[in-house]
Amino acid sequence: MKLGIVGLPNVGKSTLFNSLTKAGAESANYPFCTIDPNVGIVPVPDERLDVLGKMYDSERIVPAVIEFVDIAGLVKGASKGEGLGNQFLANIREVDAIVHVVRCFEDSNIIHVDGSVNPLRDIETINLELIFSDLEVLERRASRVTRGARNDKALAKEEDLLKRLMAHLEAGNMAKTFEPADEDEQAFYDSYNLLTAKSVIYAANVKEDDLAEDGAGNAYVTAVKEFAAKENSEVFVICAQIEQEIAELDEEEKKMFLEDLGLSESGLEKLIRASYRILGLISYLTAGPKETKAWTIKNGTKAPQAAGKIHSDFERGFIRAEVVSYQNLVDCGGFNGAKEKGLVRSEGKEYVVADGDVVLFRFNV
């Protein structure tokens, strides 16, 4: 999974990236201090892996990972080259979802690029730049399609789609609220890889005082949550500064620090849960003496395709999957105990893998 972190300059974007990845991206109180997209790979915290690793005495434990890409602060006119320009928008095209950091705190010591704190205006500024960038992509595509549309039915169909889609964006709408008419249109639509078609998770960056109640008393956070609800986006409340402090602590210290703040989880854990939800992802597990590992798949994936995540041979030669739920496995003290109680199931090609399934695939090629 790849997430792009975007936002206006000085909203806490790079501070958040630093804390999530411990990558040490430069963070300073002036616009455009992030000049190249910083990339950090972060393991997905999963206590189940540690438990299974001990149970199987595994040589190594391999968590699922998320790749974060920190994009330089966008400003009004970025799609036309303002600020550091359109080059960064190209980097966002490669991500699965966008994490949009929104400033929801007042601080006279940290300048705001537009002179005042207004999260809804900030969201609109970024969204318009993404729309303009998408229109540019569609206009280039339309100029090629129109030339051949007279003599080609497929191109004529795409031309019609492009006209409707561009009108939708020109009206200030995001591509994700556009509905293709059929499978052919959906295939064209998917091929454009539009920025405004991507899922968005808003990170409402607050001061420490607003963290414990999840921003309940913060009018800026309330406005962001109401806006996000209308477009079916996720929101999580974070204090980027606190996250940076947490990132320096070991697990035991982190737990105590969070408890002192009245929190049950870190911002990273909130973000991971939100991103799994919005992208419809789950993890299944494999365990053995050599390795215990988490595999990220789409919710609804059938056993052969889940096996293909490990190796294409597993999918091609799939015979069956031996499946036990994580909780049953732990409760029974291991695979053999679960088998004796009839809790290990033999599943075929139509089985839909569930979150927390511990799976042993049988295959033959």
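Above this text sits the structure in question.
Conventions adopted
- Residues numbered from 1 in each chain as written.
- Predicted model: local features only at pLDDT ≥ 70, side-chain atom pairs only at ≥ 80, totals over all residues.
- Heavy atoms only, no water.
- Helix = DSSP H or I, 4+ residues; strand = E, 2+ residues; numbered from the N terminus.
- Buried < 20%, exposed > 50% of the residue type's maximum accessible area, 1.4 Å probe, protein only.
- Contact = heavy atoms within 4.5 Å.
- Areas by Shrake-Rupley, 256 points an atom, 1.4 Å probe, with all protein chains shown as cover.
- Axes fitted to C-alpha atoms, helices over the stretch in contact; angles between N-to-C directions.
- Parallel < 35°, antiparallel > 145°, perpendicular 65-115°, else oblique.
- Nonpolar A, V, L, I, M, F, W, Y, C, P; charged D, E, K, R; others polar.
- Pairing = 2+ DSSP bridges.
- Core = buried A, V, L, I, M, F, W, Y, C linked by side-chain atoms within 4.5 Å.
- Left-handed = near helix turned anticlockwise from the far one by under 90°.

Undergrad: Mind showing me how you'd approach the overall build of the protein chain here?
TA: The helix and strand tally for the protein chain stands at 14 helices and twelve strands. Scored against the burial criterion, the 365 residues of the protein chain give a buried share of 50%. The long-range share in the protein chain, meaning contacts at least 24 apart out of those at least 6 apart in sequence, stands at 69%. In the form shown here, the protein chain has an accessible surface area of approximately 17900 Å², with 48% of it arising from carbon and sulfur atoms.

Undergrad: Explanation requested: the packing of helix α4 (residues 119-149) against helix α7 (residues 219-230) in the structure shown.
TA: Two measures define how a pair of helices packs: the angle their axes make with one another and the distance between the axes. Where α4 meets α7, the axes come as close as 9 Å, and the angle between the chain directions of the two elements is 45°. Taken together, α4 and α7 sit at an angle that is classed as oblique. In contact with P119, L120, I123 and N127 of α4, α7 contributes Y220, A223, V224 and F227. A class-by-class count of the residues in the contact of α4 with α7 yields seven nonpolar, one polar and no charged.

Undergrad: Help me understand the sheet that holds strand β7 (residues 234-238) in this model?
TA: Neighbouring strands of a sheet are bound in pairs by backbone hydrogen bonds; such pairs are parallel or else antiparallel. Strands sit in the order β2-β4-β1-β5-β6-β7 across an open sheet of six strands; the sheet is mixed. Each of the sheet's edge strands pairs with one partner strand only, and the pair in question is β2 (38-43) and β7. Pairwise comparison of adjacent strand axes, ignoring direction, gives a mean angle of 25° for this sheet. Judged from the six bridges that link them, β2 and strand β4 (residues 65-70) form a sheet pairing that is antiparallel. Among the inter-strand pairings, V39 is bridged to a residue of β4, identified as V69. Each of β1 (2-6), β5 (97-103) and β6 (199-205) is contacted by α4, which is oriented at about 145° to β5, the strand it contacts most. Packed onto the sheet, α7 meets β5, β6 and β7 and runs at close to 160° relative to β7.

Undergrad: Mind showing me how you'd approach the nonpolar core here?
TA: Considering soluble globular proteins, one finds that nonpolar side chains tend to be buried as a cluster. Residues F68 and I92 are the most contacted members of the largest nonpolar core, which totals 67 residues. Considering every element that reaches this core, the biggest residue donor is helix α10 (residues 267-279), with seven residues. When neighbours within four sequence positions are excluded, F68 is seen to be in contact with L3, I5, F17, L20, T21, N38, V39, G40, V42, L268 and L271. I131, L135, L165 and A175 belong to the second largest nonpolar core, which has 16 residues in total.

Undergrad: Looking at this model, I keep getting lost on unusual backbone geometry. Mind explaining?
TA: Negative phi characterises most residues that are not glycine, and trans characterises most peptide bonds. Not every positive phi belongs to a glycine, and D57 is a case in point at roughly 50°. The exposure class of D57 is exposed, given its relative accessible area of 64%. The backbone of N193 shows a phi angle near 50°, a positive value even though the residue is not glycine. Inspection of the secondary structure puts N193 in the loop between α6 (183-192) and β6.

Undergrad: Where do I start with the packing of helix α5 (residues 153-170) against α6 in this structure?
TA: Between α5 and α6, the shortest axis-to-axis distance is 10 Å and the interhelical angle comes to 65°. Here α5 and α6 pass one another in a crossing that is right-handed. Each of A154, K157, E158, D160, L161, L162, R164 and L165 in α5 lies in contact with α6, whose residues at this interface are D184, E185, F188, Y189 and Y192. Of the residues assigned to the contact of α5 with α6, the class counts are seven nonpolar, no polar and six charged.

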